[in-house]
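Read off the chains here:
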Amino acid sequence: MSSNKIKNAHGMTEGSKVLKVLFFLTGLIFTGLGIIGAILPVMPTTVFLIVAVYCFGRSSSRFEAWLLNHRHYGPTLRNWQQYGAISRKVKCIACVGMAIGFILFYLGASPAWPLTTTVALFILLSAWYVLSRPVANE
């Protein structure tokens, strides 16, 4: 017994249309978060735009192309999408940002040692991941 889903004129089932709309809306949300991150120094930009490109790749080739060809963010997004690579400059900025973030957290919150250790471990693992990615052509 097979379950054939009825497709519309574009070859899409109702479920896949809903999924495409969800990916598109998620892409818009993450693009918005990326824009906020470009304005606010405490929020990342590129990570949100990477997620947006992923979502638009499954929902809107026009928006995906817009991000991948963006004058400022396009090269970084293309390097990540094609090679999983991060430039030396971005690796440096990310690690310095994580260190500053940890220092501000520690000084501002005066957390107990278990929380301090947990946050430090999370940041160290995140820095290791960033540093372990291939180096992108700059």
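For clarity, every value in this text was computed on a predicted model and none was experimentally measured. (Residues numbered from 1 in each chain as written. Predicted model: local features only at pLDDT ≥ 70, side-chain atom pairs only at ≥ 80, totals over all residues. Heavy atoms only, no water.)

## So, the packing of aromatic side chains
And then number 1: For the coordinates displayed, the defined rule picks out seven aromatic pairs.
And then number 2: Judged by centre distance (6.2 Å) and plane angle (70 degrees), the rings of Phe23 and Tyr54 are edge-to-face. With Phe23 in helix α1 (residues 14-39) and Tyr54 in helix α2 (residues 46-57), this residue pair connects regions lying 31 residues apart in the sequence.
And then number 3: For Tyr54, a relative accessible area of 45% puts it in the partly exposed group.
And then number 4: An aromatic cluster is present here, built from Phe24, Phe56 and Phe63 joined pairwise through their rings.
And then number 5: Its guanidinium or amino end placed over the ring of Tyr54, Arg58 lies 3.7 Å from that ring's centre, counting from NZ or CZ. (Phe/Tyr/Trp six-rings, centres within 6.5 Å; stacked < 30°, edge-to-face > 60°. Helix = DSSP H or I, 4+ residues; strand = E, 2+ residues; numbered from the N terminus. Buried < 20%, exposed > 50% of the residue type's maximum accessible area, 1.4 Å probe, protein only. Lys NZ or Arg CZ within 6 Å of the ring centre and 35° of its normal.)

## Here's the deal with a nonpolar patch on the surface
And then number 1: Side chains of Ile35, Ile36, Ile39, Leu40 and Val42 sit close together on the surface and give an oily, nonpolar patch of about 510 Å² of accessible area.
And then number 2: Tracing the chain through its elements places Ile36 in helix α1.
And then number 3: The exposure class of Ile36 is partly exposed, given its relative accessible area of 38%. (Patch = residues over 30% accessible without salt bridge, like charges linked within 9 Å, V, L, I, M, F, W, Y side chains within 5 Å. Areas by Shrake-Rupley, 256 points an atom, 1.4 Å probe, with all protein chains shown as cover. Salt bridge = Lys/Arg side-chain N within 4 Å of Asp/Glu carboxyl O.)

## Here we look at the state of the cysteines
And then number 1: Evaluated as defined, the whole model comprises zero disulfides.
And then number 2: Cys92 takes part in no disulfide bond, and the closest cysteine sulfur, belonging to Cys95, lies 7.4 Å away.
And then number 3: What makes Cys92 partly exposed here is its relative accessible area of 47%.
And then number 4: According to the relative accessible area criterion, Cys95 is partly exposed, its value standing at 22%. (Disulfide = S-S within 2.5 Å.)

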